[in-house]
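In case you want the letters, here they are:
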Amino acid sequence: MDVGGPTGRSAGQVPPVVVVEAYAELARRVLAGPARLGRTRLVAVDGPSGAGKSRFAAHLADALAALPGGRPPVVHTDDLLDGWDDQLTFWPRLDSEVLAPLRQGEPGSYRRYSWVRRCFLPRPVPVPVTPVLIVEGVSAARAVVRPELTLAVFVTAPAPLRLARAVERDGPEILPELRRWHAGERAHFAADDTVTRVDLVVDGAPTVPLDASRYYVRVR
């Protein structure tokens, strides 16, 4: 669905087109795509914090639940971080505990980090071998994993809104760490060239009316 809207541009200029797409159709595209991580189709949902990655991943998982193979597991990279200082260096943990077993057609698992207790919980979270696995979080679509991705998504939103969302969720006391975190994100995305390498860029703060549980707005 292509939706044009007023932009305040002068007459004669072509307004930008907002493309509204259905999660159900994207889910079918994922299942029709090649499995590049063993027998699993790996979907990475990347983007800066507060952009709406978790929401996008949940809605895509819901859409996949209605198709053969059922609802896929969703791994949130925040659950693998060893606190604030592990922003981008957690990857070997994800790779060895989750991705490496799946490459061999075997189930993986990981221990979830507790931001309250500030330690990894002892009980492992299983990651079974399924047709699709969604990994959601900052740097999920990084260069090292791109050859194994069936779909790479980047979710974006204006910086002030992302900051407001994070503060509303976690409280103003996280602001010093959050500002440092945002600087780290910007540096990573620039060095990794993430946004130009993904398959799909999504607006995490759309202004067009839509059922957000069924549709998303594609930017590119």
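Everything discussed here concerns the structure shown above.
Q: Help me understand the side chain of Thr-194 in this model?
A: Looking at where Thr-194 falls in the secondary structure, it is placed in helix H6 (residues 194-197). Owing to a relative accessible area of 0%, Thr-194 belongs among the buried residues under this scheme. Sequence-distant contacts of Thr-194, that is, excluding residues within four places in its chain, are made with Asp-46, Ala-141, Arg-146, Phe-154, His-188 and Phe-189.

Q: In this structure, what is going on with unusual backbone geometry? I would like to understand it.
A: Among all residues save glycine, negative phi is the norm, and among peptide bonds the norm is trans. At Ser-139, a residue that is not glycine, the phi angle is positive and equals roughly 80°. A positive phi angle, near 60°, is found at Asp-193, a position not held by glycine. Given the relative accessible area of 30%, Asp-193 is considered partly exposed.

Q: Hey, could you run me through the pattern of salt bridges in this one?
A: Side chains that carry opposite charge are capable of pairing whenever their charged atoms lie near each other. Counted under the stated rule, the structure contains eleven salt bridges. The salt bridge involving Glu-21 is made with Arg-218; its shortest N-O contact spans 2.7 Å. Highlighted residues: Glu-21 in strand E2 (residues 17-22) and Arg-218 in strand E10 (residues 215-218), separated in sequence by 197 residues. Look at Arg-218 and you get partly exposed, because its relative accessible area is 28%. Across the salt bridge formed by Arg-180 and Asp-85, the nearest N and O atoms sit 3.4 Å from each other. A residue pair is termed long-range when its members are at least 10 positions apart, and Arg-180 in helix H5 (residues 175-192) and Asp-85 in the loop between strand E4 (74-76) and helix H3 (91-103) qualify at 95 residues. In this structure Arg-180 comes out as partly exposed when scored by relative accessible area, which is 41%.

Q: Would you explain the packing of aromatic side chains in this entry?
A: Ring pairs (aromatic) are described by centroid distance and by the angle formed between their planes. In the structure shown here, the tally under the stated rule is nine aromatic pairs. When the ring of Tyr-23 is compared with that of Phe-56, the centres are 5.2 Å apart and the planes differ by 55°; the resulting orientation is tilted. Of this pair, Tyr-23 sits in helix H1 (residues 23-32) while Phe-56 sits in helix H2 (residues 53-65), placing them 33 residues apart in sequence. A network of ring pairs unites the aromatic residues Trp-84, Tyr-113, Trp-115, Phe-120 and Trp-181 as a single cluster. Over the face of the ring belonging to Phe-90 we find Arg-142, whose NZ or CZ atom lies 5.5 Å from the ring centre.

What counts and how
Residues numbered from 1 in each chain as written. Predicted model: local features only at pLDDT ≥ 70, side-chain atom pairs only at ≥ 80, totals over all residues. Heavy atoms only, no water. Helix = DSSP H or I, 4+ residues; strand = E, 2+ residues; numbered from the N terminus. Buried < 20%, exposed > 50% of the residue type's maximum accessible area, 1.4 Å probe, protein only. Contact = heavy atoms within 4.5 Å. Salt bridge = Lys/Arg side-chain N within 4 Å of Asp/Glu carboxyl O. Phe/Tyr/Trp six-rings, centres within 6.5 Å; stacked < 30°, edge-to-face > 60°. Lys NZ or Arg CZ within 6 Å of the ring centre and 35° of its normal.

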